[in-house]
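Chain by chain, the residues run as shown.
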Amino acid sequence: MKTTVWDRLAAHHREGSPARLRVWDEETGEPPFDNRLVYRTMAAAAAPFRAGTRFRALPDVRFLVEDGWIGAPGDLLPGPEDSSAQEYDRRLDARLPDRGRLLSVEQPLLLDFGLWSRTRDLIAPLWQRIGCPVLPVVTELLAGGGITVPADPAVEATHATLSFVLDGGLTARLRAGDGDVRTFRATAGDVVYRPAGCRDDVGYRPRTLVLRLRIPVDPRLLHRAVEDVVSGLLQERRYGADDAVPYLPCPPPGRRRDAAADVRPLATTAAALGEECAGPRLERVLRILWARRASAGALEPVPPPRQGPPPEAGLRVRVTAPVLRMPDGDGWVWAVNGHAFAVRGQLGELLLERLREDAAGAPTVDELCGRLPVSAHAGVLALVRKLHALRAVELTDAPADGPPKEREDAVERPSAVREPASAVGGSPQPEKERTP
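An account of the accompanying structure is given in this report. (Residues numbered from 1 in each chain as written. Predicted model: local features only at pLDDT ≥ 70, side-chain atom pairs only at ≥ 80, totals over all residues. Heavy atoms only, no water.)

### Structural notes on the sheet that holds strand S12 (residues 199-204)
What the four strands build is an open sheet, ordered S7-S12-S9-S10; its pairing is antiparallel. Both outer strands of the open sheet, strand S7 (147-149) and strand S10 (181-187), are each paired with one neighbouring strand and no more. Strand-to-strand twist of the sheet, defined as the mean angle between neighbouring strand axes without regard to direction, takes the value 15°. Relative to S12, strand S9 (residues 169-175) runs antiparallel, the two being bridged by six bridges. Bridged to Ala 172 within S12 is Val 202. (Pairing = 2+ DSSP bridges. Helix = DSSP H or I, 4+ residues; strand = E, 2+ residues; numbered from the N terminus. Axes fitted to C-alpha atoms, helices over the stretch in contact; angles between N-to-C directions.)

### Side note on the side chain of Asp 112
Residue placement: Asp 112 occurs in the loop between strand S5 (101-106) and helix H4 (113-130). Buried and without a salt bridge, Asp 112 has Arg 118 as its closest oppositely charged side chain, separated by 4.9 Å. At a separation of 2.7 Å, a polar atom in the side chain of Asp 112 contacts the main-chain amide nitrogen of Leu 115. (Buried < 20%, exposed > 50% of the residue type's maximum accessible area, 1.4 Å probe, protein only. Lys, Arg positive; Asp, Glu negative; His and termini not counted. Salt bridge = Lys/Arg side-chain N within 4 Å of Asp/Glu carboxyl O. Polar contact = N/O pair within 3.5 Å; in protein donor to acceptor, adjacent residues only side chain to side chain.)

### Here's the deal with the packing of aromatic side chains
For any pair of aromatic rings, the description rests on two quantities: the centre-to-centre distance and the angle between the ring planes. Under the definition given, this model contains three aromatic pairs. Judged by centre distance (5.6 Å) and plane angle (35°), the rings of Phe 113 and Trp 116 are tilted. Placement of both Phe 113 and Trp 116 in helix H4 is noted, with a separation of three residues, approximately one turn of the helix. For the pair Phe 113 and Trp 116, one class covers both residues: buried. Note on Trp 334 and Phe 341: the rings are 5.9 Å apart at their centroids and 65° apart in plane angle, and the pair reads as edge-to-face. The pair formed by Trp 334 and Phe 341 is uniform in burial state, with each residue classed as buried. The ring of Trp 69 carries the charged tip of Arg 62 above its face, separated from the ring centre by 4.2 Å. When the ring centre of Trp 332 is taken as reference, the NZ or CZ atom of Arg 325 above it lies at 4.6 Å. (Phe/Tyr/Trp six-rings, centres within 6.5 Å; stacked < 30°, edge-to-face > 60°. Lys NZ or Arg CZ within 6 Å of the ring centre and 35° of its normal.)

### Observations regarding the nonpolar core
Counting residues in hydrophobic clusters, the biggest one holds 52 residues, and the most contacted among them are Phe 63, Leu 162 and Phe 164. Residue contacts for Phe 63: discarding those within four places in its chain leaves Gly 68, Trp 69, Ile 70, Pro 73, Leu 76, Leu 77, Tyr 88, Leu 92, Leu 96, Arg 101, Leu 102 and Leu 103. Ranked by size, the runner-up nonpolar core spans 22 residues in total, among them Val 317, Phe 341, Leu 352 and Val 393. (Core = buried A, V, L, I, M, F, W, Y, C linked by side-chain atoms within 4.5 Å. Contact = heavy atoms within 4.5 Å.)

### Quick notes on unusual backbone geometry
Along the chain, Leu 58 connects to Pro 59 via a cis peptide bond; the corresponding omega equals -5°. Take Pro 59: it is sitting in the loop between strand S2 (57-58) and strand S3 (60-65). A positive phi angle, close to 70°, is found at Ala 298, a residue other than glycine. In the Ramachandran plot, Asn 337 falls in the positive-phi region, its phi being about 50° despite a non-glycine side chain. Within the secondary structure layout, Asn 337 lies in the loop between strand S16 (331-336) and strand S17 (339-344).

### Here's the deal with a nonpolar patch on the surface
Residues Val 134, Leu 222, Val 226, Leu 286 and Trp 290 make up a contiguous nonpolar surface patch of roughly 380 Å² in combined accessible area. At the level of elements, helix H6 (219-238) and helix H8 (280-295) are the ones that each hand at least two residues to the nonpolar patch. Tracing the backbone through its elements, the reader meets Leu 222 in helix H6. Note on Leu 222: relative accessible area 39%, which makes it partly exposed. (Patch = residues over 30% accessible without salt bridge, like charges linked within 9 Å, V, L, I, M, F, W, Y side chains within 5 Å. Areas by Shrake-Rupley, 256 points an atom, 1.4 Å probe, with all protein chains shown as cover.)

### Quick look at H8
Taking 1.5 Å as the rise per residue, H8 with 16 residues should run 22 Å; its terminal C-alpha atoms sit 23 Å apart, in good agreement. Listing the buried residues of H8 in full gives Leu 282, Val 285, Ile 288, Leu 289, Ala 291, Arg 292, Arg 293 and Ser 295. With its phi angle positive at about 65°, Gly 297 sits one or two positions after the end of H8. (Expected span 1.5 Å × (residues − 1).)

### Focus on empty space enclosed by the protein
It is a probe the size of a water molecule, rolled over the atoms, that shows where empty space is left. Inspection of every chain in the model, using the stated rule, returns three cavities of 30 Å³ or more. Empty space within the largest cavity amounts to approximately 50 Å³. Thr 161, Ser 163, Leu 170, Ala 172, Leu 174, Val 192, Arg 194, Asp 200 and Val 202 together form the lining of the largest cavity. Mapped by element, the contributors of at least two residues to the lining of the largest cavity are strand S8 (159-167), S9, strand S11 (190-194) and S12. Looking at the lining of the largest cavity element by element, the count peaks at three residues for S9. Its residues assigned to classes, the lining of the largest cavity shows five nonpolar, two polar and two charged. (1 Å grid on protein atoms, 1.4 Å probe; cavity = no way out; pocket = protein on both sides within 12 Å on 5 of 7 lines; lining within 4 Å. Points joined across faces, edges and corners; volume = space filled by probe spheres on them. Nonpolar A, V, L, I, M, F, W, Y, C, P; charged D, E, K, R; others polar.)

### Concerning the sheet that holds strand S15 (residues 324-328)
Think of a sheet as strands paired side by side through backbone hydrogen bonds, with each pair either parallel or antiparallel. Read across the open sheet, the three strands follow the order S15-S16-S17; overall the sheet is antiparallel. One side of each edge strand has no neighbouring strand; the edge strands of this open sheet are S15 and S17. Strand after strand, the sheet turns through a mean of 25° between neighbouring axes, direction not considered. Both S15 and S16 contribute to a ladder of five bridges, which runs antiparallel. Opposite Pro 327, over in S16, you have Trp 332 as the bridge partner. Most of the contacts of H8 go to S15, to which it runs at about 170°, and overall it touches S15, S16 and S17. Running at roughly 45° to S16, helix H9 (residues 347-357) makes contact with S15, S16 and S17 of the sheet.

### Comments concerning the environment of Pro 305
Mapped onto the elements of the fold, Pro 305 is located in the loop between H8 and strand S14 (317-319). Separated by 32 residues in the primary sequence, Pro 305 and Asn 337 place their C-alpha atoms 9.3 Å from one another. Residues contacting Pro 305, with those up to four places away along its chain left out, are His 339, Ala 389, Leu 390 and Arg 391.

The following block contains the structure:
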């Protein structure tokens, strides 16, 4: 990667000016992703949608054609008969001759840790220059071509976008608020930056593959994110047998018609809201959310923890991801790859010190315990297993996570994000963005 590219991209972001930049090495042309893995991830995301449209699910899949999007695309989506992107394209060429189309998958990275991690590594140089967003960055994979897609009004005003061209090419026509129009033509290895408030119509060439990141900019998004957290705290303290929505007589019996209304239930809720905003719980939850988000490079939702056999005491481990540590009362909150958990006492600090000392090698768990009292060995093993599940350490003789398998279902979107004080120990719940 050319570091000067990220310096220039950071400058365009600060200035709010559009740009097309060359991102990966022009001499080798080596992309940051294996496009075969990208296609398999898109196919895995699309599998449940072949049976019909799914609502409030992540990843979200849409199939766009020239006059809109098809609500239930069925077998127009990739399936088991398409062993590669090339076979999928040939099948659609026969089904939709001379028709443009675009397969759009929102939030696909939660299905594959390798793809998620590479994306975080790709964007990390920009965050080092401008800071990590405090709100999630929405990711999309787009595949297809022969189609021009107009801007989404719900996105153009609230988010800046980075469109990394992985294959093929696109033409972006960007119109600023002052009416100025600029056209950018990008091919594989390029990124097109569109600042918030700039409308874009994007034409995709045949056989194009794009990774798009939507970076939150509008302050209303921040307001709503905090509102969701506070709402979760209020619900946590108010749920009970007598917490149904109250019904009040109007006018109150035995009172003058011009008397002030009795709104004590609403006033009680307002008082509870003030207590939560002024109390320590809200700040703690927001700090934990920030720790998780920073460890994820703002790419949320994140892949779930690893499902597999935990490390045993005699196996060798090596560190593969940093641990973000945040003081929390008399203990710590550790955040790794978008997940957070509490660590009490000094055992965790001692373990990290041993891992740093042995960073060049691959110590066994027994060796990590070597300088600690026997009473701490069980705790060290449990902590190493936790770090392994979150992919902060790897077994040196274990295979890496494989490509995503076809899913039986998608992740449900809850009606709202609720982040109680128990935010430690989990990852953010997926949710479709609300439009301000």
